[in-house]
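# Inside the fold
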Amino acid sequence: MPSYQIRDTATGRLLARGLTDYTAAEAAIDRLDDELEHDLAANSEGAGHIRLRLDIEQVTSSGTQTVGHHILLLGVDDPADPLPAL
């Protein structure tokens, strides 16, 4: 049975492993995003528009394969309403 893991594309650092499925990997990325934003705020640091590219990898007995990519943009506020008022 495959498992999933998350790796920082730039550094190759493994950030999470042993995740049960792709959905669990996406949830782990959401938690990482929240933790990073929280840690930066707790240290009174602005994110300064940090961009992280993360790979979701599937691990099987035959090896590891990248099956998805996510880009995290820290320090970029999402607009409250992306559509202009009419």
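Residues numbered from 1 in each chain as written. Predicted model: local features only at pLDDT ≥ 70, side-chain atom pairs only at ≥ 80, totals over all residues. Heavy atoms only, no water.

Here we come to the nonpolar core. Tyr4, Ile6, Ala16, Leu19, Ala25, Ala28, Ile29, Leu54, Ile56 and Leu72 together form the largest nonpolar core, which totals 10 residues. Counting residues per element, the ones that place at least two in this core are β1 (3–8), β2 (14–19), α1 (22–42) and β3 (50–60). Ranked by residue count, the leading element in this core is α1, at 3 residues. Dropping the residues within four chain positions of it, Ala16 is found in contact with Gln5 and Ile6. (Core = buried A, V, L, I, M, F, W, Y, C linked by side-chain atoms within 4.5 Å. Buried < 20%, exposed > 50% of the residue type's maximum accessible area, 1.4 Å probe, protein only. Helix = DSSP H or I, 4+ residues; strand = E, 2+ residues; numbered from the N terminus. Contact = heavy atoms within 4.5 Å.)

Bridge count between β3 and strand β4 (residues 63–74): 11 bridges; the pairing is antiparallel. Residue pairing across strands places Val59 opposite Thr64, the latter belonging to β4. Turn length for the β3-β4 hairpin, with the two strands adjacent in sequence and antiparallel, is 2 residues. (Pairing = 2+ DSSP bridges.)

Another point: α1. The end-to-end C-alpha separation of α1 is 30 Å, in line with the 30 Å expected for 21 residues at 1.5 Å each. Buried within α1 are the following residues: Ala25, Ala28, Ile29 and Leu40. Along α1, the residues classed as buried sweep out an arc of 105 degrees about the axis, all on the same side. Those residues of α1 that are exposed and aimed more than 90 degrees away from the buried face are Thr23, Asp34, His38, Ala41 and Ala42. Looking one or two residues past α1, Ser44 carries a phi angle of roughly 55 degrees, positive in sign. (Expected span 1.5 Å × (residues − 1). Arc of directions from axis to C-beta.)

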